[in-house]
Amino acid sequence: MESIQPAKTYRVALIGTGWYGKSDLFRLIQVSPVDVIALCDVDKNMLTEAAALVGKRQKSGKIPRQYGDYRKMLSENQLDIVLIGTPDHCMPFK
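So, here's what we can say about the structure. (Residues numbered from 1 in each chain as written. Predicted model: local features only at pLDDT ≥ 70, side-chain atom pairs only at ≥ 80, totals over all residues. Heavy atoms only, no water.)

### With respect to a nonpolar patch on the surface
1) Next: A cluster of nonpolar side chains, contributed by L74, V82 and I84, occupies part of the molecular surface with about 230 Å² of accessible area.
2) Next: Note on placement: I84 falls in strand β4 (residues 81-84). (Patch = residues over 30% accessible without salt bridge, like charges linked within 9 Å, V, L, I, M, F, W, Y side chains within 5 Å. Areas by Shrake-Rupley, 256 points an atom, 1.4 Å probe, with all protein chains shown as cover. Salt bridge = Lys/Arg side-chain N within 4 Å of Asp/Glu carboxyl O. Helix = DSSP H or I, 4+ residues; strand = E, 2+ residues; numbered from the N terminus.)

Now the structure itself:
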């Protein structure tokens, strides 16, 4: 008999914690085995609120680390998925 292996839990981060970013992230939490480990936003109030909401919605109950600079977030974490929930004019790609 074949053994069924549990699905991999993906390490996820979100850049942009406004309405669109949170909507996409919360849907991902509903449909996939994910561990949201980091959030990034320039608005500290939005970031703090989103972190608390994520802690309530993900199975682990963990509150993700919070960043104001996406480059620091990307360099400090091993991520499988990065959701970008910001308008393109907000991201100064080089």
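Back to the write-up after that little detour.
### A short note on the environment of V54
1) Next: Take V54: it is sitting in helix α2 (residues 44-57).
2) Next: Here V54 falls in the buried class, since its relative accessible area comes to 1%.
3) Next: Note: C-alpha distance between V54 and P64 (10 residues apart in sequence) is 7.4 Å. (Buried < 20%, exposed > 50% of the residue type's maximum accessible area, 1.4 Å probe, protein only.)

### Quick look at the sheet that holds strand β3 (residues 65-67)
Pairing between the strands of a sheet is mediated by backbone hydrogen bonds and can be parallel or antiparallel.
1) Next: The sheet built from four strands is open, its strands ordered β3-β2-β1-β4 with parallel pairing. Two strands bound the open sheet, and with one partner strand each, they are β3 and β4. Within the sheet, the average angular offset between the axes of one strand and its neighbour, ignoring direction, is 25°.
2) Next: Note: strand β2 (residues 34-40) against β3, three bridges, orientation parallel. Bridge pairing in β3 links L39 to Q66. (Pairing = 2+ DSSP bridges. Axes fitted to C-alpha atoms, helices over the stretch in contact; angles between N-to-C directions.)

### So, the side chain of K22
1) Next: For K22, the location among the structural elements is in helix α1 (residues 19-31).
2) Next: Beyond its immediate chain neighbours, meaning those up to four positions away, K22 contacts L14, T17, M46, E49, A50 and L53. (Contact = heavy atoms within 4.5 Å.)

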